[in-house]
Amino acid sequence: QVQLVESGGGLVQPGESLRLSCAASGMFFSINTMGWYRQPPGKQRELVATITRGGSTNYADSVKGRFTISRDNGKKTVYLQMSSLKPEDTAVYYCNADVLYVPSSTTKNYWGQGTQVTVSS
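Values in this document were obtained by computation on a predicted structure and should not be read as measured data.

Quick notes on the rules
- Residues numbered from 1 in each chain as written.
- Predicted model: local features only at pLDDT ≥ 70, side-chain atom pairs only at ≥ 80, totals over all residues.
- Heavy atoms only, no water.
- Helix = DSSP H or I, 4+ residues; strand = E, 2+ residues; numbered from the N terminus.
- Contact = heavy atoms within 4.5 Å.
- Pairing = 2+ DSSP bridges.
- Core = buried A, V, L, I, M, F, W, Y, C linked by side-chain atoms within 4.5 Å.
- Buried < 20%, exposed > 50% of the residue type's maximum accessible area, 1.4 Å probe, protein only.
- Phe/Tyr/Trp six-rings, centres within 6.5 Å; stacked < 30°, edge-to-face > 60°.
- Lys NZ or Arg CZ within 6 Å of the ring centre and 35° of its normal.
- Axes fitted to C-alpha atoms, helices over the stretch in contact; angles between N-to-C directions.

This part takes up the environment of Thr 107. Mapping Thr 107 onto the fold places it in strand β10 (residues 106-111). For the pair formed by Thr 107 and Ser 30, sequence separation is 77 residues and the distance between their alpha carbons is 9.6 Å. Aside from chain neighbours lying at most four places away, what touches Thr 107 is Val 99 and Leu 100.

Next comes the structure, spelled out in structure tokens:
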């Protein structure tokens, strides 16, 4: 089985930057698409950005031009670089990964526990 562990969340002021990291741990697996989702207070979870194994990216309209998703396949880690942060970016941010178990050719989807990002003056 695979575990996803997020880090890098915290409290920042509007206009500042923050980088989130998510590392996958386990044995005998590889990762297809990875992504970041967020859940603002009182709202449903929404897509922020995704990145495929080959590096193709997709962003929500609300973060285009401000956020950048990237990955390190050797470290099995995905990153989210957030700049020009706004109060409306405040949310719990969740890491997501589509995992391929190599020995059995079985795919499964995993979620991290989430990390809080608060943007406030």
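Across 6 bridges, strand β9 (residues 91-101) lies against β10 in antiparallel orientation. Counted as the bridge partner of Val 99 is Lys 108 from β10. Connecting β9 to the next strand, β10, in antiparallel fashion are 4 residues, including Ser 105 with a positive phi near 55°.

Attention now goes to the nonpolar core. If you look at the biggest cluster of nonpolar residues, it comprises 32 residues, and the most contacted ones within it are Trp 36, Leu 80, Met 82 and Tyr 93. Elements represented by at least two residues in this core include exactly β3 (18-25), β4 (29-39), β5 (46-51), β7 (67-72), β8 (77-82), β9 and β11 (115-119). Residue contributions to this core peak at 6 residues, all from β9.

Attention shifts here to unusual backbone geometry. Despite not being glycine, Phe 28 has its phi angle at roughly 60°, a positive value. Relative to the assigned elements, Phe 28 resides in the loop between β3 and β4. For Ser 84, which is not glycine, the phi torsion reads 50° and is therefore positive. Tracing the backbone through its elements, the reader meets Ser 84 in the loop between β8 and β9.

So, on to the packing of aromatic side chains. All told, the structure shown has 2 aromatic pairs when counted by the stated rule. Arranged with centres 5.0 Å apart and planes meeting at 65°, the rings of Tyr 37 and Trp 111 form a pair that is edge-to-face. Residue Tyr 37 is located in strand β4, and its partner Trp 111 is located in strand β10; the two are separated by 74 residues in the primary sequence. Look at Tyr 94 and Trp 111: their rings are 6.5 Å apart centre to centre, the planes differ by 85°, and that puts the pair in the edge-to-face class. Of this pair, Tyr 94 sits in strand β9 while Trp 111 sits in strand β10, and the two are 17 residues apart along the sequence. By way of ring pairs, the aromatic residues Tyr 37, Tyr 94 and Trp 111 are connected into one cluster. The ring of Tyr 94 carries the charged tip of Arg 45 above its face, separated from the ring centre by 3.7 Å. The ring of Trp 111 has Arg 45 lying over it, and the distance from NZ or CZ to the ring centre is 4.5 Å.

One open sheet holds the 4 strands; their spatial order is β1-β3-β8-β7, and the pairing between them is antiparallel. Each end of this open sheet is capped by a strand with a single partner; those strands are β1 (3-7) and β7. Across the sheet, the axes of successive neighbouring strands diverge by a mean angle of 15°, strand direction being ignored. The pairing of β7 with β8 spans 6 bridges and is antiparallel. Bridge pairing links Ile 69 to Leu 80 in β8.

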